[in-house]
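As a plain string of letters, each chain reads:
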Amino acid sequence: MIVYVDVLFVVNFFITYLLLLLTRLIVKENTKTLRLLIGAFIGGVYSLVILLDELHFLITAAGKIFISAVIVLCVFGFKRVLVFLKNLMVFYLSNMMLLGVILAAWLVFKPDGVAIKNDVVYFDIPAGTLLLSALAAYLIALAAVKIYNRTTGKNEIYSLTVFKNGQEIHMYAFADTGNKLKEPFSDYPVIVADSSRISFDAERVIPFNSVGGEGTLKAFRPDKVIISSGKKSVETDKVYIAASSVDSKDFSAILNPEIINI
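Residues numbered from 1 in each chain as written. Predicted model: local features only at pLDDT ≥ 70, side-chain atom pairs only at ≥ 80, totals over all residues. Heavy atoms only, no water.

Draft legend 1. Structural context of the confidence of the model for the protein chain. Put simply, the protein chain has an average pLDDT of 78, and 73% of its residues get 70 or more. The low-confidence segment residues 115-122 (pLDDT under 50) makes 11 contacts with residues lying over four places distant or belonging to another chain. (pLDDT = per-residue confidence, 0-100. Contact = heavy atoms within 4.5 Å.)

Following this line, the structure appears as structure tokens:
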């Protein structure tokens, strides 16, 4: 079989880019396009390893995990171990989703040039056809993710970055439709964040009334916050952040959904 280096690189660059786009949508990270391109470039270069016998170890399971970790780190950075592992697992999930759609199409249409033997998929089709198939698979997977997000409503988890006095704090936030808390003088919406994640001096005392009773929360106004979910990103300084206890392993803050529509 003749292998064209340029075609091999371009195909894998494109497919890796689609996988990273899908991963970004699922993990709700506001990752810059340049980082995505760098990750896709690494994926394209990695595909050329099959031509180098002296680098055979890179196509082993350990080698593939290592390269995947490098790609995820380059694209999404490192915030903490659990976040990194989550992003890595979602990247693999995206791979399975994309391959799953392609395999489903094979089972239905049985096109020439695609064969499955001993659980291994072989593609002997033109590069253009493979790229179009990958794009179609990506669009189908993208639609499935968006449908899922719509069914979960506004109660989603977002990436939240808080900027204050030159400091930058990243955490995940849950958009709770039940959180309608506002600062009484400015009428700005309030984000309730776990007190262990923030340590700024209080500027306001915000009263609240809940099922559990009444009380007050100490709050401050950040220089700005960035809230992102896939491609959607909201940046605002018209918000207050109140310190409280947030008992969850999945998020450290609770959003007033109104902020997302600012």
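Draft legend 2. Representation of helix 3 (residues 61-76) within the structure. Its 16 residues give helix 3 an end-to-end C-alpha distance of 22 Å, which sits within 8% of 22 Å, the value for a rise of 1.5 Å per residue. For helix 3, the set of buried residues is Gly63, Ile67, Ser68, Ala69, Ile71, Val72, Val75 and Phe76. Phi turns positive one or two residues past the end of helix 3, at Gly77, with a value near 70°. (Helix = DSSP H or I, 4+ residues; strand = E, 2+ residues; numbered from the N terminus. Expected span 1.5 Å × (residues − 1). Buried < 20%, exposed > 50% of the residue type's maximum accessible area, 1.4 Å probe, protein only.)

Draft legend 3. Geometry of the packing of aromatic side chains. Per the counting criterion, the structure on display carries 5 aromatic pairs. With centroids separated by 5.1 Å and ring planes inclined at 20°, the aromatic side chains of Phe174 and Phe251 adopt a geometry described as stacked. In this pair, Phe174 is assigned in strand 4 (residues 167-175) and Phe251 in the loop between strand 10 (240-244) and strand 11 (253-255), connecting sequence segments 77 residues apart. A relative accessible area of 17% places Phe251 in the buried class. The interplanar angle of 55° and the centroid separation of 5.0 Å between the aromatic rings of Phe200 and Phe220 together place this pair among those described as tilted. With Phe200 in the loop between strand 5 (190-194) and strand 6 (204-210) and Phe220 in strand 7 (residues 213-220), this pair connects stretches of sequence that are 20 residues apart. The same class applies to Phe200 and to Phe220, which are both buried. Positioned above the aromatic ring of Tyr172, the side-chain terminus of Lys86 is 4.9 Å from the ring centre. (Phe/Tyr/Trp six-rings, centres within 6.5 Å; stacked < 30°, edge-to-face > 60°. Lys NZ or Arg CZ within 6 Å of the ring centre and 35° of its normal.)

Draft legend 4. Summary view of the pattern of salt bridges. Taken as a whole and assessed by the stated rule, the structure comprises 5 salt bridges. A salt bridge links Lys182 to Asp187; its shortest N-O distance comes to 3.7 Å. On the basis of relative accessibility, which here comes to 26%, the residue Lys182 falls in the partly exposed class. Using a relative accessible area of 44% as the deciding quantity, one classes Asp187 as partly exposed. The partner of Glu235 in a salt bridge is Lys224, and the shortest N-O contact between them spans 3.6 Å. (Salt bridge = Lys/Arg side-chain N within 4 Å of Asp/Glu carboxyl O.)

Draft legend 5. The side chain of Thr23, seen in detail. Position of Thr23 relative to the elements: it lies in helix 1 (residues 5-27). Take Thr23: its relative accessible area is 0%, and that puts it in the buried class. At 3.1 Å, the side chain of Thr23 and the side chain of Ser94 are in polar contact. Ignoring sequence-local partners within four residues, the contact set of Thr23 consists of Phe76, Asn87, Val90, Phe91 and Ser94. (Polar contact = N/O pair within 3.5 Å; in protein donor to acceptor, adjacent residues only side chain to side chain.)

Draft legend 6. How the structure looks around the nonpolar core. Among the nonpolar cores identified, the biggest contains 27 residues, and Leu20 and Tyr138 are the most heavily contacted of them. Elements that contribute at least two residues to this core include exactly helix 1, helix 2 (33-46), helix 3, helix 4 (81-109) and helix 5 (127-151). With 10 residues, the top contributor of residues to this core is helix 1. Residues Val162, Ile198, Phe200 and Val239 belong to the second largest nonpolar core, which totals 20 residues. (Core = buried A, V, L, I, M, F, W, Y, C linked by side-chain atoms within 4.5 Å.)

Draft legend 7. Structural detail: the environment of Ala202. Its place among the elements puts Ala202 in the loop between strand 5 and strand 6. Residue classification places Ala202 among the partly exposed residues on the basis of a relative accessible area of 47%. Placed 18 residues apart in sequence, Ala202 and Phe220 show a C-alpha to C-alpha distance of 5.1 Å.

Draft legend 8. Spatial organisation of a nonpolar patch on the surface. On the surface, a cluster of nonpolar side chains totalling about 490 Å² of accessible area is made up of Leu73, Phe78, Val81, Leu82 and Leu85. Per-element accounting of the nonpolar patch gives the leading share, 3 residues, to helix 4. Within the secondary structure layout, Leu85 lies in helix 4. (Patch = residues over 30% accessible without salt bridge, like charges linked within 9 Å, V, L, I, M, F, W, Y side chains within 5 Å. Areas by Shrake-Rupley, 256 points an atom, 1.4 Å probe, with all protein chains shown as cover.)

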